[in-house]
Amino acid sequence: MAIEDVVEMYTDGACKGNPGPGGWGALLRYKGKEKELFGGEVNTTNNRMELLAVIKALAALNRPCQVVVYTDSQYVQKGISEWIHAWKLRGWRTAAKEPVKNADLWQQLDQERNRHLQVEWRWVKGHSGHEFNERADQLANRGITVI
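Our subject in this report is the structure included herewith.

Examining the pattern of salt bridges
Side chains that carry opposite charge are capable of pairing whenever their charged atoms lie near each other.
Right, so step 1: Taken as a whole and judged by the stated rule, the model has 12 salt bridges.
Right, so step 2: Between K31 and D5 there is a salt bridge, and its shortest N-O distance comes to 3.4 Å. Note that K31 is positioned in the loop between β2 (20–30) and β3 (33–44) and D5 in the segment before β1 (6–15), a separation of 26 residues in sequence.
Right, so step 3: Notably, a salt bridge pairs R122 with E120, separated by 2.6 Å at the nearest N-O pair.
Right, so step 4: Using a relative accessible area of 35% as the deciding quantity, one classes R122 as partly exposed.
Right, so step 5: The class for E120 is partly exposed, based on a relative accessible area of 29%.
Right, so step 6: Several salt bridges share partner residues, and in doing so they unite E8, R29, E34, E36, R135 and R142 into one network.

Now the structure itself:
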């Protein structure tokens, strides 16, 4: 698969208070075209918005494809790349035998990523001037205004 056949996703979550009103945003890029997605919830957390941004972005794809997800959330990047395997083996419990926080969204994210040929997870430093990450941040903040 050629590099131009890869969908790039830049995702972000935002929250005014934690918990509080929150928003999620995603910028999808494919073959020179872009699509912006955003939304929000009245009472949520930043981590839930970070997860929801990726879930909504993956769900927006209408066919299986190769995806590279860029997130400034180590919670999302490490959770889906490293932690989720053990959580699933332990019945969605942590090593301390506590319920995994946001298990409902982790399960949705796991389902969405399994619909695609390949999903690669890349962490980018937030608020560091990365053009597309900054746009995802703006979309997440716009999501707060629509609730």
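Regarding the side chain of D110
Right, so step 1: Along the chain, the position of D110 falls in helix α3 (residues 103–114).
Right, so step 2: At a separation of 2.9 Å, a polar atom in the side chain of D110 contacts the side chain of R113.
Right, so step 3: Not counting chain neighbours up to four residues away, the residues in contact with D110 comprise I84 and K88.

Description of a nonpolar patch on the surface
Right, so step 1: Residues V42, V146 and I147 make up a contiguous nonpolar surface patch of about 280 Å² in total accessible area.
Right, so step 2: Within the element layout of this structure, V42 appears in strand β3.

Section: the sheet that holds β2
Right, so step 1: Spatial strand order, β3-β2-β1-β4-β5: five strands in an open sheet with mixed pairing. One side of each edge strand has no neighbouring strand; the edge strands of this open sheet are β3 and β5 (118–123). Pairwise comparison of adjacent strand axes, ignoring direction, gives a mean angle of 20° for this sheet.
Right, so step 2: Bridging between β1 and strand β4 (residues 66–71) involves six bridges; their strand directions are parallel. Pairing of E8 across the sheet is with V68, part of β4.
Right, so step 3: This element, helix α1 (residues 46–59), spans β1, β2, β3, β4 and β5 of the sheet and lies at about 155° to β1.

Definitions and limits used
Residues numbered from 1 in each chain as written. Predicted model: local features only at pLDDT ≥ 70, side-chain atom pairs only at ≥ 80, totals over all residues. Heavy atoms only, no water. Salt bridge = Lys/Arg side-chain N within 4 Å of Asp/Glu carboxyl O. Helix = DSSP H or I, 4+ residues; strand = E, 2+ residues; numbered from the N terminus. Buried < 20%, exposed > 50% of the residue type's maximum accessible area, 1.4 Å probe, protein only. Polar contact = N/O pair within 3.5 Å; in protein donor to acceptor, adjacent residues only side chain to side chain. Contact = heavy atoms within 4.5 Å. Patch = residues over 30% accessible without salt bridge, like charges linked within 9 Å, V, L, I, M, F, W, Y side chains within 5 Å. Areas by Shrake-Rupley, 256 points an atom, 1.4 Å probe, with all protein chains shown as cover. Pairing = 2+ DSSP bridges. Axes fitted to C-alpha atoms, helices over the stretch in contact; angles between N-to-C directions.

Bear in mind that shape data such as this cannot, by itself, settle questions of function.
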